[in-house]
2 protein chains.
Amino acid sequence: MTRKTATVLRDALEHEIVEGRLRPGEHLDEMSLAARFDVSRTPIREALLGLESSGLVEIRPRRGAFVRRVSARELVEMFETMAELEAACCRFACQRMTDAQEDVLMRRLQRCEEAAASGDVERYYAENELFHTAIYAASGNSFLEAQSRMLQSRLKPFRRHQLHARGRMTQSQTEHRDIVASIRAGEQQRVVDVIRAHIVVQGEKFTSLIASLEAEERAKAS
Amino acid sequence: MTRKTATVLRDALEHEIVEGRLRPGEHLDEMSLAARFDVSRTPIREALLGLESSGLVEIRPRRGAFVRRVSARELVEMFETMAELEAACCRFACQRMTDAQEDVLMRRLQRCEEAAASGDVERYYAENELFHTAIYAASGNSFLEAQSRMLQSRLKPFRRHQLHARGRMTQSQTEHRDIVASIRAGEQQRVVDVIRAHIVVQGEKFTSLIASLEAEERAKAS
DNA sequence: GTCAACTAAATTGTATACAATCTTTTCGGG
DNA sequence: CCCGAAAAGATTGTATACAATTTAGTTGAC
């Protein structure tokens, strides 16, 4: 924990934004938030500053903080970037994954397998996240790992509902097996191609949904 | 400008850290800084929080802010990640660079050429930065572009002195020409290989220097 | 009736005050 | 003389107060 209250507040607000309780474009009034959490404006401001640099809120001078609304284009760009980061992790994993890292990766793959077999989407969603985290660690580059985790958490809310798409879960798991096999075989070019497709497909699937939401927003605004 | 005073303070502190006036490990006392800039602690704190999330300072609870000291290992990891980001930018540029983006890139390459010919290292240093920025823009992915610029600015202080290495400037410019030619020819695999080498060499060159600095620090501490 | 300008309310940005924790110094014991 | 504990000092974290700017509401003119 970096700080006492401010960090807790930041996590709470982050959660509410990610869960959609605080809607995109919504104005985050410092006094209201301070009253709601029963603290002063000071730690609220610090939390908002942190959320700004993680990209969840936008602070406009003398206007206040607003829940950032991501455009369809930006979302696609983030997924595309995520794909490149994960591709880099896989490439490095091919070159230097340790036995311990490989063990973790295999265990996580197995847990995804079980979750997929159970048909429990929420469970697969959680295991899937851990699986990808294991890939980041296997890169042997802590900085790249941290960057990947940051973007992963930022894309989290957009990945959640996506897995419910018909047949997506088993398809995803098939790709997972392919990725692990390729890494273990040291097939850099193959794993890079597979993981790019694995990640980008999520962004593409979501584009139309977001685009329609945007059209809806625009209609509401007029 | 995001805010009025706090942003100015952040830029000022960032500059002092990057320029080495504030040394790694140094304790950033809020009251002293407030007195020095003739403001209250409030905007100082906000500036420090921003610097923390950009990775320049570390805030330890109830201990205060310290200029972050990057280890040799972390530095190598950052350069390695930078190489992957730039490789991704080049790859996308091969696929979708616009004519306007290509024009900018060519102009920046030319300016590097002139700077290299003049032998003015500081000038080449500045033009080199703009050249790479043009590559990020040519990726056609604003998010990736922003991420690349962030890491670029973070690595800035470590790149500066490095160009003074004998023959490095002309070697660098040769690589620049190669990169642009490959992008224009759409040779993805080639450009990716070249840019990786172009970036990583800087990190490697610096590893031994940083390692020796660390040894020095340890000696001083004991 | 509509639009513009002025005034008042509300909100952000900064300064100051207070509380809690950590650091340092001093005093006492071994 | 050195080590440890307690108290004083210093520094961070939070709350409150004030200033500056924006926004909304009202009033007046056309």
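Here the structure is shown first, and the text comes after it.
In what follows, the accompanying structure is described. (Residues numbered from 1 in each chain as written. Chains lettered and ligands numbered in written order. Predicted model: local features only at pLDDT ≥ 70, side-chain atom pairs only at ≥ 80, totals over all residues. Heavy atoms only, no water.)

Remarks on the pattern of salt bridges
This structure, assessed with the given rule, holds 38 salt bridges over all chains. The shortest N-O distance in the salt bridge between Asp193 of chain A and Arg196 of chain A comes to 4.0 Å. Linking Asp193 of chain A with Arg196 of chain A, this pair stays in helix 9 (residues 188-221), spanning three residues, or about one helical turn. For the salt bridge of Glu102 of chain B with Arg184 of chain B, the shortest nitrogen-to-oxygen distance reads 2.6 Å. Linking Glu102 of chain B in helix 5 (residues 99-118) with Arg184 of chain B in helix 8 (residues 168-185), this pair joins segments that are 82 residues apart in sequence. Given a relative accessible area of 48%, Arg184 of chain B falls into the partly exposed group. (Salt bridge = Lys/Arg side-chain N within 4 Å of Asp/Glu carboxyl O. Helix = DSSP H or I, 4+ residues; strand = E, 2+ residues; numbered from the N terminus. Buried < 20%, exposed > 50% of the residue type's maximum accessible area, 1.4 Å probe, protein only.)

Remarks on the relation of the copies chain A and chain B
Mapping chain A onto chain B is achieved by rotating through 180 degrees and translating by 0.0 Å along the same axis, at an RMSD of 0.1 Å. Expressed as a symmetry operation, the mapping of one chain copy onto the other fits a two-fold axis. Both copies contact each other with a shared surface, as 100% of the interface residues of chain A are interface residues in chain B too. (Least-squares fit on C-alpha atoms with pLDDT ≥ 70 in both. Contact = heavy atoms within 4.5 Å.)

A few points about the protein's contact with DNA strand C
Lining the immediate surroundings of DNA strand C are 22 residues, of which Arg41, Arg45 and Arg62 of chain A together with Ser40 and Arg63 of chain B lie closest. Each atom of DNA strand C within 4 Å of the protein was assigned to sugar, phosphate or base; sugar and phosphate come to 65%. A distance of 2.8 Å is found between a base nitrogen of DNA strand C and a side-chain nitrogen or oxygen belonging to Arg41 of chain A. Within the contact set of DNA strand C, a phosphate oxygen lies 2.7 Å away from a side-chain nitrogen or oxygen of Arg45 of chain A. Among the secondary structure elements, those contributing two or more residues to the surface near DNA strand C are strand 1 (27-28), helix 2 (30-37) and helix 3 (41-53) of chain A together with helix 1 (5-18) and helix 3 (41-53) of chain B. Take the surface near DNA strand C: its biggest share by element is three residues, from helix 3 of chain B. (Near = heavy atom within 4 Å. Polar contact = N/O pair within 3.5 Å; in protein donor to acceptor, adjacent residues only side chain to side chain.)

Here we look at the interface of chain A and chain B
In this assembly, 33 residues from chain A lie in contact with 33 residues from chain B. Where chain A abuts chain B, roughly 2,700 Å² becomes buried across the two surfaces, and 49% of that area is made up of carbon and sulfur atoms. Connecting chain A to chain B are six salt bridges. Here Glu46 of chain B and Arg45 of chain A are joined by a salt bridge, their closest N and O atoms 3.0 Å apart. Where chain A touches chain B, the interface holds 15 residue pairs in polar contact (both at pLDDT 80 or more). When contributions to the side of chain A that touches chain B are tallied by element, the ones reaching two or more residues are helix 3, helix 4 (72-96), helix 7 (142-160) and helix 9 of chain A. (Buried area = accessible area lost by both parts, 1.4 Å probe.)

A closer look at the protein's contact with DNA strand D
Taken together, 22 residues lie around DNA strand D, and Thr5, Ser40 and Arg63 of chain A together with Arg45 and Arg62 of chain B are the ones closest in. Backbone atoms, meaning sugar and phosphate, make up 65% of the atoms of DNA strand D lying within 4 Å of the protein. One of the side-chain nitrogen or oxygen atoms of Arg63 of chain A is found 2.4 Å away from a phosphate oxygen of DNA strand D. Arg41 of chain B places a side-chain nitrogen or oxygen 2.9 Å from a base nitrogen of DNA strand D.

Notes on the side chain of Thr81 of chain A
Within the secondary structure, Thr81 of chain A is located in helix 4. Ignoring sequence-local partners within four residues, the contact set of Thr81 of chain A consists of Leu151 of chain A together with Asn141, Phe143 and Leu144 of chain B.

So, the pairing of strand 2 (residues 57-60) of chain A
Residue and element names in this part refer to chain A. Side-chain alternation along strand 2 places Val57 and Ile59 on a buried face and Glu58 and Arg60 on a face that remains uncovered. Pairing geometry for strand 2 and strand 3 (residues 64-67), over four bridges, is antiparallel. Bridge pairing in strand 3 links Ile59 to Ala65. Taken together, strand 2 and the strand that follows it, strand 3, pair antiparallel across an intervening segment of three residues, in which Arg62 is found at a positive phi of about 60 degrees. (Pairing = 2+ DSSP bridges.)

Considering the packing of helix 1 (residues 5-18) of chain A against helix 3 of chain A
Residues and elements named next belong to chain A. Packing of helix 1 against helix 3 leaves a shortest axis separation of 8 Å and a crossing angle of 55 degrees. Taken together, the axes of helix 1 and helix 3 are oblique relative to one another. The chirality of how helix 1 crosses helix 3 is right-handed. Residues Thr5, Ala6, Leu9, Arg10, Leu13, Glu14 and Ile17 of helix 1 lie in contact with helix 3, whose contacting residues are Pro43, Ile44, Glu46, Ala47, Leu48, Gly50 and Leu51. Across the contact of helix 1 with helix 3, the residue classes break down as nine nonpolar, two polar and three charged. (Axes fitted to C-alpha atoms, helices over the stretch in contact; angles between N-to-C directions. Parallel < 35°, antiparallel > 145°, perpendicular 65-115°, else oblique. Left-handed = near helix turned anticlockwise from the far one by under 90°. Nonpolar A, V, L, I, M, F, W, Y, C, P; charged D, E, K, R; others polar.)

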